[in-house]
Amino acid sequence: MASPGSSNKRKRRRPAFSCTACRRRKVRCDRANPCRQCVTQNNASACTYEQNRNSFANRETAPPTSSETNYQRQHVFQERNGGQPSHTPHASSQQAASTSGQIRGMVSKTRVFGQGHWMNIFSLTEGLPTLQPLMGLYDIIIRNTSHGPLDAIADKMAQCKRLARSIKSQRPSRSSLPTQIHQSLPSPDVILELAQLYFATFESCYRILRKNPFMAHCQTYLNNHESADTCIVLQILLVVSIAGPLHQDANVRINAASKAAMWIYTAQTWLSAPLEKSRLTLGGIQLHCLLLLARQVNQVGADLIWISTGSLMRIAMQMGLHQDPNCLSEMDPTEKGLRRRLWYTILELNLQSSLDSGILPMIATGDWNTEPPSDHNLDAEPEIGEREESAAHKSMNLQPILSSSIPLRLHASRLINDLREEPPYEEVLEVGKELASACRDISLTLDQLDSASPLDQFASSFCTHLIRRFTLCLHYKFAIKAKINPLYSHSRKAGVEAALDIISLVEDNLYGRVLRCGGGMFRDIVTRAAILIFSEASPDPEAESSSLAKRRDYARQGTLLRDARCVA
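Cut-offs and rules
- Residues numbered from 1 in each chain as written.
- Predicted model: local features only at pLDDT ≥ 70, side-chain atom pairs only at ≥ 80, totals over all residues.
- Heavy atoms only, no water.
- Helix = DSSP H or I, 4+ residues; strand = E, 2+ residues; numbered from the N terminus.
- Buried < 20%, exposed > 50% of the residue type's maximum accessible area, 1.4 Å probe, protein only.
- Contact = heavy atoms within 4.5 Å.
- Areas by Shrake-Rupley, 256 points an atom, 1.4 Å probe, with all protein chains shown as cover.
- Phe/Tyr/Trp six-rings, centres within 6.5 Å; stacked < 30°, edge-to-face > 60°.
- Lys NZ or Arg CZ within 6 Å of the ring centre and 35° of its normal.
- Axes fitted to C-alpha atoms, helices over the stretch in contact; angles between N-to-C directions.
- Parallel < 35°, antiparallel > 145°, perpendicular 65-115°, else oblique.
- Left-handed = near helix turned anticlockwise from the far one by under 90°.
- Nonpolar A, V, L, I, M, F, W, Y, C, P; charged D, E, K, R; others polar.
- Core = buried A, V, L, I, M, F, W, Y, C linked by side-chain atoms within 4.5 Å.
- Polar contact = N/O pair within 3.5 Å; in protein donor to acceptor, adjacent residues only side chain to side chain.
- Expected span 1.5 Å × (residues − 1).
- pLDDT = per-residue confidence, 0-100.

S.K.: Help me understand the overall build of the chain in this model?
M.R.: Looking only at helices and strands, the chain features 22 helices and two strands. The buried share of the chain, taken over its 568 residues, is 49%. Across the chain, contacts joining residues at least 24 apart in sequence account for 72% of those joining residues at least 6 apart. Counting only carbon and sulfur atoms, one obtains 53% of the accessible surface of the chain, whose full area is about 28,500 Å².

Structure below.
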């Protein structure tokens, strides 16, 4: 009869030689440092081994887990990947703890899974005695090179995996871009000029791309477009379509406008491909953001941006962008900064599209803990092997000052678009007061950054538009009511001032082009602002009709009439 001590938990018969990432993904590991599986999955920095690997003298020493060694491993991977940092979140090697600063879930490849996902089952059941036989059988078949009597089963499973990869490679979404797409682009010099224009203008508020790597990708593509990655090619197409209206040459503007719809539809088709988890990368997120901006600049489905922004928001949350990188697995500081920039760009797109569609925003304050982006420029130092462009224009970074008002503007958007009940006017006044304070802070910052450069003026106009339109929308309804109810006179004054500020942006030569030809948020002038100005300039039949009052009204309406003619 067995003694009481023999009823203890069954221990693992042999140590695990595979890295923790391969064990979690249930794939064969070659036990290198880093292993080939982790390098293939852009996951070299997470290739770590358990300490029991040291128990056998004939095995190589387990790699240390210090941050310095992890950084060196990441650097080795970057050299293998053409010198570019990984654009995918690193897979977590173990279940994230519930301690402060970490998520309650796990990171696998490019996605983040909460406790409801089945992949968390393996971490929760490790060490249970009743499941040890099943886990041992799994280890024998999947994780080892020598399977003994189970070789036939392991070979059959490997054959199934190869067949699955072959089937996926034949999907239409994996095919190359049509040849006419490459032929439709302008000359190389124009492409580089438009890329510089984009970074000096729109990138000031929507921080989507890193300038130095993108310009290097552009040069590589121009030298040999056949070897370029499809995602990079589509990013170049969208950047050209976004910056096209800003080029000084009218022929370039006309050419870009005539082909923008084709480029946008091509990018939309590629992103919308079903069953493609390979799109869940930071490059895919960047492409999606560029697509939404290009649709508004070129009026291609601009009225439906809110729907597409919802898809982008869900993809970003599935990839864990709403969680601060410090709460996830180890990654390069540059990647941390890029993830924060992309998340707050997505929040900004969500806010603006919510205002245009008249629907509540798809996220609430408290649904994310990602830290705001810093003022530090990710491209402040030129990368190795890249020449410095001393004459290039240094773009402004206005995202930090915009991100500070996102919670306030989320609240304002909910008040504006609430379909169930009218917001109390006292709350409207309170939120309007806070919005006015935020606008003053941004205005002071822009005054300090004042520059005579047309590109800097564009950035300033873009930032002003993004914040001032919330004041206009918040007070718009009450400003119209103020014609018959003097209790709303404050909204009348605040709404007209916001409308005048937005209309004055037409005087900006570059930004005025976008306002005149764009859709979505760029239609504020022909929708809200113009109507409010013309309403204010129209005579009030019930107002005092003395000659002195008429003179005062005429003098006050002089500015309004000038702006009205500008709109016309």
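S.K.: Sorry, what's going on with the environment of threonine 365 here?
M.R.: Mapped onto the fold, threonine 365 is located in the loop between helix 14 (333–357) and helix 15 (399–403). In this structure, threonine 365 is in contact with Pro407 and Leu410, ignoring residues within four places of it in sequence.

S.K.: Teacher, can you tell me more about the packing of aromatic side chains here?
M.R.: Two descriptors summarise a pair of aromatic rings, namely the distance from one centre to the other and the angle between the planes of the rings. Considering all chains together, one arrives at 14 aromatic pairs under this definition. Look at phenylalanine 458 and phenylalanine 462: their rings are 6.3 Å apart centre to centre, the planes differ by 55 degrees, and that puts the pair in the tilted class. On the criterion of helical spacing, the pair formed by phenylalanine 458 and phenylalanine 462 is a turn pair, its members being four residues apart in helix 18 (residues 454–481). Across the pair, exposure class does not vary: phenylalanine 458 and phenylalanine 462 are buried alike. Put simply, the rings of Phe202, Tyr206, Phe458, Phe462, Tyr511 and Phe522 pair up and form one aromatic cluster. Above the ring of tryptophan 270, the side-chain terminus of arginine 279 is found at 3.8 Å from the ring centroid.

S.K.: Can you help me understand the packing of helix 18 against helix 21 (residues 525–537) in this one?
M.R.: Any two packed helices are characterised by how steeply their axes cross, that is the angle between the axes, and by the distance between the axes. Their axes nearest at 10 Å, the elements helix 18 and helix 21 cross at an angle of 45 degrees. As the angle between them shows, helix 18 and helix 21 are arranged oblique. Taken as a pair, helix 18 and helix 21 cross one another with a handedness that is left-handed. Contacts between helix 18 and helix 21 involve Arg469, Leu472, Cys473, Tyr476, Ala479 and Ile480 from the first element and Thr527, Arg528, Ala529, Ile531, Leu532 and Ser535 from the second. A class-by-class count of the residues in the contact of helix 18 with helix 21 yields eight nonpolar, two polar and two charged.

S.K.: Looking at this structure, I do not really get the nonpolar core. What am I missing?
M.R.: As a rule of thumb, soluble globular proteins bury nonpolar side chains together. Judged by nonpolar contacts, the single largest core of 115 residues is most densely connected at Tyr198, Phe202 and Phe462. Here the element with the most residues in this core is helix 18; it accounts for 13 residues. Each residue touching phenylalanine 462, except ones within four places of it in the same chain, is listed here: Thr201, Phe202, Cys205, Tyr206, Tyr511, Met521 and Phe522. Cys22, Cys29, Cys47 and Tyr49 belong to the second-largest nonpolar core, a separate cluster that totals nine residues.

S.K.: How should unusual backbone geometry be read in this particular structure?
M.R.: Apart from glycine, the bulk of residues carry a negative phi angle, and the bulk of peptide bonds sit in the trans form. Residue proline 34 is reached from asparagine 33 by a cis peptide bond, and omega for that bond is 0 degrees. Topologically, proline 34 is positioned in the loop between helix 1 (20–25) and helix 2 (36–40). Even without being a glycine, glutamine 299 presents a positive backbone phi close to 55 degrees. Mapped onto the secondary structure, glutamine 299 falls in the loop between helix 12 (282–297) and helix 13 (305–318).

S.K.: Teacher, can you tell me more about the side chain of threonine 370 here?
M.R.: Within the secondary structure, threonine 370 is located in the loop between helix 14 and helix 15. Within the local environment of threonine 370, its side chain forms a polar contact with the backbone oxygen of histidine 322, the two atoms lying 3.1 Å apart. Among the polar contacts listed, one links the side chain of threonine 370 to the backbone nitrogen of glutamine 323, at a separation of 3.4 Å. Each residue touching threonine 370, except ones within four places of it in the same chain, is listed here: Leu321, His322, Gln323, Asp324, Arg340, Trp343 and Tyr344.

S.K.: Help me understand the packing of helix 14 against helix 18, please; the structure alone is not making it clear to me.
M.R.: Where helix 14 contacts helix 18, the two axes come as close as 11 Å, and the packing angle between them is 30 degrees. With respect to the hand of their crossing, helix 14 and helix 18 are arranged in left-handed fashion. Contacts between helix 14 and helix 18 involve Glu348, Leu351, Gln352, Leu355 and Asp356 on the former and, on the latter, Leu466, Arg469, Phe470 and Cys473. Split by residue class, the contact of helix 14 with helix 18 holds five nonpolar, one polar and three charged.

S.K.: Is there a simple way to explain helix 21 in this structure?
M.R.: Residues spaced three or four apart along an α-helix face the same direction, because each turn holds 3.6 residues. With 13 residues, helix 21 should cover 18 Å at 1.5 Å per step; its first-to-last C-alpha distance of 16 Å lies more than 12% under that length. Within the sequence span of helix 21, burial applies to Ile525, Arg528, Ala529, Ala530, Leu532, Ile533, Glu536 and Ala537.

S.K.: Explain the side chain of serine 491 to me, please; I cannot follow it from the model alone.
M.R.: By secondary structure assignment, the location of serine 491 is in helix 19 (residues 489–503). Ignoring any residue separated from it by four or fewer positions in sequence, one finds serine 491 in contact with Tyr425, His475, Phe478 and Ala479.

S.K.: Any chance you could explain helix 19 here in plain terms?
M.R.: Taking 1.5 Å per residue, 15 residues should reach 21 Å; helix 19 reaches 21 Å between its end C-alpha atoms and fits that length. Three or more residues of helix 19 are buried, namely Ser491, Ala494, Gly495, Val496, Ala498, Ala499, Ile502 and Ile503.

S.K.: What exactly am I supposed to notice about the confidence of the model for the chain here?
M.R.: Do not read the predicted coordinates in detail wherever pLDDT is low. Confidence in the prediction for the chain averages 78 pLDDT; 71% of positions are at 70 or higher. Of all secondary-structure elements in the chain, the lowest mean pLDDT belongs to helix 3 (residues 67–80), at 40, while helix 12 reaches the highest, 96. In the predicted structure, residues 381–392 sits below a pLDDT of 50 and forms 10 contacts with residues beyond four places in sequence or in another chain.

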